[in-house]
Amino acid sequence: MIFIIILRIHFFLNIKMKIVKNFLALFILIAYSEKILANTPVVIWHGMGDSCCNPLSIGRIKSIIESNITGIYVHSLRIGNNIEEDTYNGFFKNVNEQIALVCDQLKNDTNLKNGYHAIGFSQGAQFLRAVAQRCPYPPMRNLISIGGQHQGVYGFPRCPESLTKICDEIRSLLNIGAYELFVQKILVQAQYWHDPLNEKLYREKSIFLADINQEINFNKEYRENLLKIKNLVLVKFDKDTMVIPRESEWFGFYKPGQSKEIYEMEESPLYLNDTLGLQTLDREGRLFKLSINSDHLKFSDEWFIENIVDSFLRDRI
């Protein structure tokens with residue numbers, strides 16, 4: 001009788017130990033999986049006049065991401081040897097050279113070898129799109145554009161609609177310089193200046209934007225590489241007074257030959273001909289258009305956490 005009781009106790013203990021072991025194994029597996037998934041790195045590229053490490057802007061964004069996703073690696077891009085050079089180069093350095101430098105930075109960063117999410121702020125957004133199109137390794141996962149000017153700009157901050165003709169005359173004067181080769185090579189903003197009154201001149205002289213938008217020659221690798229990303233997220237600021245037209249943040253722009261009527265992304269040749277893959281991304285549910293009812297880059301920490309961090313940076317099982 002005692003022997004039978006001992007056997008039963010031993011039997012139940014074995015079962016309990018197996019349950020405990022299985023539970024621990026499952027717990028470790030889940031914890032390990034979440035750690036791996038949650039740690040997909042993030043690369044950030046700041047906008048004009050900013051730098052990689054400003055604690056009030058990009059530095060704050062970096063801190064928000066790190067405090068909300070434990071153990072995540074965040075690489076804030078710096079173009080130059082220090083913050084001063086980084087800020088200066090946001091105005092006066094050939095964008096194509098900047099893209100090449102960033103591609104090398106990312107390729108040499110072993111923390112990114114398995115892929116990364118990318119967030120571009122203002123002009124940094126179209127620059128990171130160029131990285132996605134030109135440099136498929138390491139692989140970019142989600143590309144998040146916050147206030148980027150994907151169809152370029154053609155306007156001055158807070159230019160009244162009643163002064164459209166005057167603004168066009170000033171723009172025409174700027175165009176004389178903006179499309180000069182020496183200006184294109186050094187002035188960053190000239191490299192995404194898009195003149196709807198002279199599309200032919202823009203396509204002939206733009207050394208950056210017209211290229212990445214497939215308006216000079218069709219580069220099949222640009223399309224193939226952009227389609228390798230998981231999601232494209234476009235954030236537009238509905239009261240933006242800095243980006244003109246603000247619809248450029250969603251791949252919209254002025255209809256050719258004037259600067260009043262706007263076409264939406266879905267009406268653009270870029271979308272209709274699917275030369276970048278925008279239509280494909282949209283059809284497959286991989287293109288997201290978000291909007292904020294505020295001015296350029298004005299958003300709360302809460303909005304950023306809910307709409308960007310939790311939605312597109314926090315990888316889940």
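Above this note sits the structure.
Conventions we followed
- Residues numbered from 1 in each chain as written.
- Predicted model: local features only at pLDDT ≥ 70, side-chain atom pairs only at ≥ 80, totals over all residues.
- Heavy atoms only, no water.
- Core = buried A, V, L, I, M, F, W, Y, C linked by side-chain atoms within 4.5 Å.
- Buried < 20%, exposed > 50% of the residue type's maximum accessible area, 1.4 Å probe, protein only.
- Contact = heavy atoms within 4.5 Å.
- 1 Å grid on protein atoms, 1.4 Å probe; cavity = no way out; pocket = protein on both sides within 12 Å on 5 of 7 lines; lining within 4 Å.
- Points joined across faces, edges and corners; volume = space filled by probe spheres on them.
- Nonpolar A, V, L, I, M, F, W, Y, C, P; charged D, E, K, R; others polar.
- Pairing = 2+ DSSP bridges.
- Helix = DSSP H or I, 4+ residues; strand = E, 2+ residues; numbered from the N terminus.
- Axes fitted to C-alpha atoms, helices over the stretch in contact; angles between N-to-C directions.
- Phe/Tyr/Trp six-rings, centres within 6.5 Å; stacked < 30°, edge-to-face > 60°.
- Lys NZ or Arg CZ within 6 Å of the ring centre and 35° of its normal.
- Right-handed = clockwise from strand over helix to strand, strands pointing away.

Peer 1: What am I meant to see in the nonpolar core here?
Peer 2: Burial of nonpolar side chains together is a common tendency in soluble globular proteins. Within the largest apolar cluster, 53 residues are counted, with the highest numbers of intra-cluster contacts made by W45, I99, V131, L232 and L278. Contact partners of W45, with chain neighbours within four places excluded, come to L77, I79, Q98, I99, V102, I119, G120, F121, G124, F127, L128 and V131. Judged by nonpolar contacts, the second largest core, of 24 residues, contains I58, I144, V235 and I292.

Peer 1: What is the right way to look at empty space enclosed by the protein in this model?
Peer 2: Empty space left among the atoms is revealed by rolling a probe the size of a water molecule over them. Taken as a whole and judged by the stated rule, the model has one cavity of 30 Å³ or more. Here the largest cavity is characterised by a volume of approximately 40 Å³. Of the residues that constitute the lining of the largest cavity, the class distribution is three nonpolar, five polar and one charged.

Peer 1: Any chance you could explain the sheet that holds strand β8 (residues 287–292) here in plain terms?
Peer 2: Each strand in a sheet pairs with its neighbour through backbone hydrogen bonds, running either in the same direction (parallel) or in the opposite one (antiparallel). Spatially, six strands are ordered β2-β1-β3-β4-β5-β8 in an open sheet, and the strand pairing comes out parallel. Looking at strand neighbours, the two that pair on one side only are β2 (74–76) and β8, the edges of this open sheet. Across the sheet, the mean angle separating the axes of adjacent strands is 15° when strand polarity is ignored. Pairing analysis gives five bridges linking strand β4 (residues 140–146) to strand β5 (residues 231–237), with the strands arranged parallel. Bridge pairing in β5 links N142 to N231. Here helix α2 (residues 58–68) sits on the sheet and contacts β1 (42–45), β2 and β3 (116–121); the angle it forms with β1, its principal contact strand, is near 165°. With respect to the sheet, helix α5 (residues 123–134) is in contact with β1, β3 and β4, its orientation differing from that of β3 by roughly 145°.

Peer 1: Whenever I open this one, the packing of aromatic side chains confuses me. Can you help?
Peer 2: In the structure shown here, the tally under the stated rule is eleven aromatic pairs. The positively charged end of K236 is found above the aromatic ring belonging to W250, 4.6 Å away from the centroid.

Peer 1: Explain the pairing of β1 here, please?
Peer 2: The side chains of a regular strand alternate between the sheet's two faces. On β1, burial covers both faces: V42 and I44 on one face and V43 and W45 on the other are all buried. Two elements, β1 and β2, share three bridges in a ladder whose sense is parallel. Within β2, the residue paired with V43 across the bridge is H75. Since β1 and β2 lie parallel, the crossover through α2 that links them has a hand, and here it is right-handed.

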